[in-house]
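Residue strings, one per chain:
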Amino acid sequence: MEDKHLTPSPALLTFYNAIPNVVWSVLSLGPLSVFCYQHMARPWLYGALAVSLLGYAVPRAWFRWWQLSGSAAAYRRLGVHVANQFTQHGSFINGLLRRRYPHYRHVQSRAAVAALRQHTYHLERFHLVGFLFFLFAAGYAAALGRVGWGLALSVLNMLYNVYPMWLQQYIRVRLGGAHR
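- The name an unreviewed UniProt entry gives the chain is Glycosyl-4,4'-diaponeurosporenoate acyltransferase, with Hymenobacter defluvii as the organism.
- Under the heading Function (unreviewed entry), UniProt records this for the chain: "Catalyzes the acylation of glycosyl-4,4'-diaponeurosporenoate, i.e. the esterification of glucose at the C6'' position with the carboxyl group of the C(15) fatty acid 12-methyltetradecanoic acid, to yield staphyloxanthin. This is the last step in the biosynthesis of this orange pigment, present in most staphylococci strains."

### With respect to unusual backbone geometry
No. 1: Positioned with a positive phi, His-89 is a non-glycine residue whose angle comes to about 55°.
No. 2: Under the relative-accessibility criterion, His-89 is labelled partly exposed at 28%.

### Overview of the packing of aromatic side chains
No. 1: In the structure shown here, the tally under the stated rule is nine aromatic pairs.
No. 2: Between Phe-63 and Tyr-121, the aromatic rings sit 5.7 Å apart at their centres with planes inclined by 90°, giving edge-to-face as the arrangement. Note that Phe-63 is positioned in the loop between helix 2 (42–53) and helix 3 (72–77) and Tyr-121 in helix 6 (residues 110–143), a separation of 58 residues in sequence.
No. 3: Ring plane angle 65° and centroid distance 5.0 Å describe the contact between Tyr-163 and Trp-166, whose orientation is recorded as edge-to-face.

### Some points on the nonpolar core
No. 1: Grouped together as the largest cluster of nonpolar side chains are 15 residues, with contacts concentrated most on Leu-32, Phe-35, Cys-36, Met-40, Phe-133 and Leu-153.
No. 2: If you list the elements that add at least two residues to this core, you get helix 1 (10–39), helix 2, helix 6 and helix 7 (147–175).
No. 3: Of all the elements, helix 6 adds the most residues to this core, at six residues.
No. 4: Beyond its immediate sequence surroundings of up to four residues, Cys-36 is in contact with Arg-42, Leu-45 and Phe-133.
No. 5: Tyr-75, Val-80, Tyr-170 and Val-173 belong to the second largest nonpolar core, which has eight residues in total.

### Points about the environment of Val-23
No. 1: Considering the arrangement of structural elements, one finds Val-23 in helix 1.
No. 2: Distance in space between the C-alpha atoms of Val-23 and Thr-87 is 9.7 Å, their sequence separation being 64 residues.

### Things to note about helix 1
Helical geometry note: an α-helix holds 3.6 residues per turn, so side chains three or four residues apart project in the same direction.
No. 1: Helix length check: helix 1, at 30 residues, gives a terminal C-alpha distance of 41 Å against a target of 44 Å (1.5 Å per residue), a fit within 8%.
No. 2: The largest bend along helix 1 reaches roughly 30° and is located at Leu-29, with the proline Pro-31 sitting one to four residues downstream.
No. 3: Listing the buried residues of helix 1 in full gives Leu-13, Asn-17, Pro-20, Ser-28, Leu-32, Phe-35, Cys-36 and His-39.
No. 4: For helix 1, the secondary structure elements touched by its buried residues are helix 2, helix 5 (91–100), helix 6 and helix 7.

Conventions we followed
Residues numbered from 1 in each chain as written. Predicted model: local features only at pLDDT ≥ 70, side-chain atom pairs only at ≥ 80, totals over all residues. Heavy atoms only, no water. UniProt positions renumbered as here; feature names shortened; annotations may be inferred. Buried < 20%, exposed > 50% of the residue type's maximum accessible area, 1.4 Å probe, protein only. Phe/Tyr/Trp six-rings, centres within 6.5 Å; stacked < 30°, edge-to-face > 60°. Helix = DSSP H or I, 4+ residues; strand = E, 2+ residues; numbered from the N terminus. Core = buried A, V, L, I, M, F, W, Y, C linked by side-chain atoms within 4.5 Å. Contact = heavy atoms within 4.5 Å. Expected span 1.5 Å × (residues − 1). Bend = angle between axes of the 7 residues up to and from the residue.

Listed below in structure tokens is the structure:
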């Protein structure tokens, strides 16, 4: 007889949640890498990378200034809840895990809620750095007259960085205390 309270192993959780990360990273960073390798002068590449990395130095208190809304409805209107379907710990991955482990919950305690809230800031910073780099690369492409590349990198920036930043804000709103 099978125990109804089985939980997935940490390795299985890592594997399942790595899949969307790898897919989104390949789809977004692949074209960015091709553009940078083929078209971006190395001094500009290194300079853009250095400036983008300054995003990691942004104090957490500043995040409230670019928080879109204190309402989850505003994020839903932008489709952020749809983006959550296809991310790590998102609805699709959690649904797959719950088929075999019906009692699985990503967040199970107050401590886990606090840890998740902290983790959203880490992820938002990561995507801020990515946003800045994609923005520089798209601007560089436009300056070269490579409008197709500029548009493609801008669209990828929205999908790979802007929506994930909004997703972190949305998660904090849903957890309560979006500005803590």
